[in-house]
Amino acid sequence: MTEKSLPSDQVVSDIMKKGLEDMVVSTGAGLLVGGLAAVVLARGGASGARKAIAGFGGGVGLGTSWQRSSIRLEDIIIKESN
């Protein structure tokens, strides 16, 4: 089924569902990449640098997926208003 054949509430629900799935994957990937970068960049594990770098990676992944979901929802709102 295409988005045009579904009711608008179903389209929004599908976008939110895909967005939540994307958030889990992107946050996990960001934590993984951030963790690997932290091992390379912060050799001494005594400071909180490794945790901070890994947390930054997770935040970037979460923010990216949030932005994608927001753009998809705005596109639907614009299509509905036209």
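Residues numbered from 1 in each chain as written. Predicted model: local features only at pLDDT ≥ 70, side-chain atom pairs only at ≥ 80, totals over all residues. Heavy atoms only, no water.

A. Seen up close, helix H2 (residues 49–81). Between its first and last C-alpha atoms H2 spans 47 Å; for 33 residues at 1.5 Å apiece the expected length is 48 Å, and the two agree. Among the residues making up H2, those that are buried are Ala-54, Gly-57, Gly-58, Gly-61, Ser-65, Ser-69 and Ile-76. Close packing links the buried residues of H2 with helix H1 (8–41). (Helix = DSSP H or I, 4+ residues; strand = E, 2+ residues; numbered from the N terminus. Expected span 1.5 Å × (residues − 1). Buried < 20%, exposed > 50% of the residue type's maximum accessible area, 1.4 Å probe, protein only. Contact = heavy atoms within 4.5 Å.)

B. A look at the environment of Gly-57. Within the secondary structure layout, Gly-57 lies in helix H2. For the pair Gly-57 and Glu-80, spaced 23 residues apart in the sequence, the C-alpha separation amounts to 35 Å. Those residues within four positions of Gly-57 in sequence are excluded, and the remaining contacts are Gly-30, Leu-31 and Gly-34.

Bear in mind that shape data such as this cannot, by itself, settle questions of function.
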